[in-house]
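Reading the structure
Chain residues, written in single-letter form:
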Amino acid sequence: MKKLYTLAFVLLAFSCNNPKEKQTTEESTIQEVEIVETPTLNLAQANHLAQLPINCINVEYPNKLGQTIGSAADLKSPKELHPAFYGCFDWHSAVHGHWSLVSLLKQFPELEQREAIEQQLLQNISKGNIEQEILYFKGEHNASYERTYGWAWLLKLAEELHTWDSDIARELEGNLMPLTNLIIANYIEFLPKLKYPIRVGEHTNTAFGLSFAYDYAVAVEQTELKTVIENRAKDFYYNDQDCPIAWEPSGFDFLSPCLEEAALMKRVLEKEDFKDWLNDFLPELKAKDFDWSVGEVSDRTDGKLVHLDGVNFSRAWSLNYVAKGLPEYQHLQNLANKHINHSLPGIVEDSYEGGHWLGSFAIYALNSIDKE
């Protein structure tokens, strides 16, 4: 890979007969790029975005259980099966709905309905409810339940609680810990058995699941989980080149397979190794005028088609993660802003098909913006 990079650099150097002319052309190209307004998460927006999970974390129906029925004894209501995370249409959306509220409370102590939200979090993430959630995961037919998308969001919730300096956070983190530990053990058991990564733009995307889990492992210094993710990420992706970014998005994507992989490798590689790797994997990202059309949603009442608002938010957080600390990729932040600004207005009066989950994606994308 390094040899290929060096050869490309040499060829480029020989092709530049007039450096001053080339510099002028590059500056002209940069000037032609439209500078997009940087979105911000302020208190008013936080109060609105908080309302989305408030309106769904305790809404039991409609509900997509994703359940394997072993016998008639498994035929229970969502709240009986998942007393902590039964709302927001499905288990993982309930989990990241709770994450949204924790993230907003942590950032905005003056959030409206703060006391009511805190009490709801304490009621849902109670020791008894988490014990029941663990019983479900340990069921005979549930070994692969929510693997790895829901697992990743559970660890993101645990990470958010761990990094929130609050007495309520300590209580919630302690209540959640048995399930957190179970998910960690599930990752450590499963990843060595996964021979090939899953490269899709929906829930089962391996890179996404590893990125969020890695963030948790770093935050709490969980060495075993961190090491297994580093090893498997390199096994899966280190030799990848020329990701077909022009093929994205697929019709139901809410994740970018190329960018999720790039963001994961930024986490696990040393800086210079990552820059070499990225130059082979997505060489187009380095161009100052690199542009990418946003995902277009034709019907926000369609639960699958509305995924494309999600792809805009997730592209944004991955672009921002790749750009952070790398001056030659700072222009990607402008592209991230373009994607956020396109989809953010769409969740203001969203239908339940998007409202039960898109707020979390919007918050995470807004949180990814460099505040410096």
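Analysis parameters
Residues numbered from 1 in each chain as written. Predicted model: local features only at pLDDT ≥ 70, side-chain atom pairs only at ≥ 80, totals over all residues. Heavy atoms only, no water. Helix = DSSP H or I, 4+ residues; strand = E, 2+ residues; numbered from the N terminus. Buried < 20%, exposed > 50% of the residue type's maximum accessible area, 1.4 Å probe, protein only. Contact = heavy atoms within 4.5 Å. Areas by Shrake-Rupley, 256 points an atom, 1.4 Å probe, with all protein chains shown as cover. Lys, Arg positive; Asp, Glu negative; His and termini not counted. Charge placed at Lys NZ, Arg CZ, Asp CG, Glu CD. Disulfide = S-S within 2.5 Å. Core = buried A, V, L, I, M, F, W, Y, C linked by side-chain atoms within 4.5 Å. Axes fitted to C-alpha atoms, helices over the stretch in contact; angles between N-to-C directions. Parallel < 35°, antiparallel > 145°, perpendicular 65-115°, else oblique. Left-handed = near helix turned anticlockwise from the far one by under 90°. Nonpolar A, V, L, I, M, F, W, Y, C, P; charged D, E, K, R; others polar. Salt bridge = Lys/Arg side-chain N within 4 Å of Asp/Glu carboxyl O. Phe/Tyr/Trp six-rings, centres within 6.5 Å; stacked < 30°, edge-to-face > 60°. Lys NZ or Arg CZ within 6 Å of the ring centre and 35° of its normal.

1. Thoughts on the overall build of the chain
- The helix and strand tally for the chain stands at 17 helices and 0 strands.
- The C-alpha extent of the chain, read off along each of the three principal axes, is 75 × 45 × 40 Å.
- Per-residue burial for the chain yields a buried fraction of 52% across its 372 residues.
- The long-range fraction of contacts in the chain, counting pairs at least 24 apart against all pairs at least 6 apart in sequence, stands at 76%.
- For the chain, the accessible area works out to roughly 17400 Å², and carbon and sulfur atoms hold 52% of it.
- Of the side chains in the chain, 32 bear a positive and 55 a negative charge, and the two mean positions are spaced by 6 Å.

2. Examining the state of the cysteines
- According to the stated counting rule, one finds 2 disulfides in the structure shown.
- The disulfide partner of Cys56 is Cys88, and the S-S distance across this bridge is 2.0 Å. On the sign convention where negative means left-handed, the S-S torsion of about 75 degrees between Cys56 and Cys88 marks this disulfide as right-handed. Placement of the pair is Cys56 in the loop between helix H3 (43-54) and helix H4 (78-81) and Cys88 in the loop between H4 and helix H5 (91-107), with a sequence separation of 32 residues. Note on accessibility: Cys56 and Cys88 belong to one class, buried.

3. Points about the nonpolar core
- Grouped together as the largest cluster of nonpolar side chains are 109 residues, with contacts concentrated most on Phe85, Leu176, Leu179, Tyr187 and Leu282.
- Here the element with the most residues in this core is helix H9 (residues 167-190); it accounts for 10 residues.
- Look past the residues within four positions of Tyr187 in its chain and what remains in contact with it is Thr148, Trp151, Ala152, Leu155, Pro192, Gly209, Leu210, Ala213 and Leu225.

4. So, the packing of helix H11 (residues 223-237) against helix H12 (residues 257-268)
- Running from N to C, H11 and H12 point in directions that differ by 130 degrees, and their axes come no closer than 10 Å. Here H12 runs oblique to H11, going by the angle between their axes. Crossing hand, H11 versus H12: left-handed. Residue-level contacts link Ile229, Glu230, Ala233, Lys234 and Tyr237 of H11 to Glu261, Leu264, Met265 and Val268 of H12.
- Of the residues contributing to the contact of H11 with H12, the split by class is 6 nonpolar, no polar and 3 charged.

5. As for the pattern of salt bridges
- Under the criterion given, the structure shown has 16 salt bridges.
- Measuring nitrogen to oxygen at the nearest pair gives 2.9 Å for the salt bridge that ties Asp240 to Arg199. With Asp240 in the loop between H11 and H12 and Arg199 in the loop between H9 and helix H10 (206-220), the pair connects residues that are 41 residues apart, well separated along the chain.
- Linking Lys275 and Glu328 is a salt bridge whose minimum nitrogen-to-oxygen distance equals 3.0 Å. Taken as a pair, Lys275 in helix H13 (residues 271-281) and Glu328 in the loop between helix H14 (307-323) and helix H15 (332-343) lie far apart in primary sequence, 53 residues in all.
- A relative accessible area of 19% places Glu328 in the buried class.
- Salt bridges here are not isolated pairs; linked through shared partners, they connect Lys156, Glu159, Asp215 and Arg267.

6. Structural notes on unusual backbone geometry
- The residue after Tyr61, namely Pro62, is reached through a cis peptide bond having omega 0 degrees.
- With respect to the secondary-structure elements, Pro62 resides in the loop between H3 and H4.
- With omega at 0 degrees, the peptide bond leading from Glu248 into Pro249 counts as cis.
- By secondary structure assignment, the location of Pro249 is in the loop between H11 and H12.
- Residues other than glycine seldom take positive phi values, yet Gln113 does so here, at roughly 60 degrees.
- Look at Gln113 and you get partly exposed, because its relative accessible area is 41%.

7. Quick notes on the packing of aromatic side chains
- Per the counting criterion, the structure on display carries 27 aromatic pairs.
- Between Phe274 and Trp277 the ring centres are 6.0 Å apart and the planes differ by 25 degrees, which places this aromatic pair in the stacked class. Linking Phe274 with Trp277, this pair stays in helix H13, spanning 3 residues, or about one helical turn.
- In this structure Phe274 comes out as buried when scored by relative accessible area, which is 1%.
- Assessed through its relative accessible area of 0%, Trp277 is described here as buried.
- A centroid spacing of 5.0 Å and a plane angle of 90 degrees characterise the contact between Trp357 and Phe361, whose relative ring orientation is edge-to-face.
- Judged by relative accessible area, Trp357 falls into the buried class, the value being 6%.
- Judged by relative accessible area, Phe361 falls into the buried class, the value being 0%.
- Of the aromatic side chains, those joined through ring pairs into one cluster are Trp99, Tyr149, Trp153, Phe208, Phe212, Phe254, Trp317, Trp357, Phe361 and Tyr364.
- Between Arg267 and the ring centre of Tyr321, over which it is positioned, the NZ or CZ distance is 4.1 Å.
- The aromatic ring of Trp292 is capped on one face by Arg315, whose charged end is 3.5 Å from the ring centroid.

Honestly, that's just the spatial picture; any functional story needs more than this.
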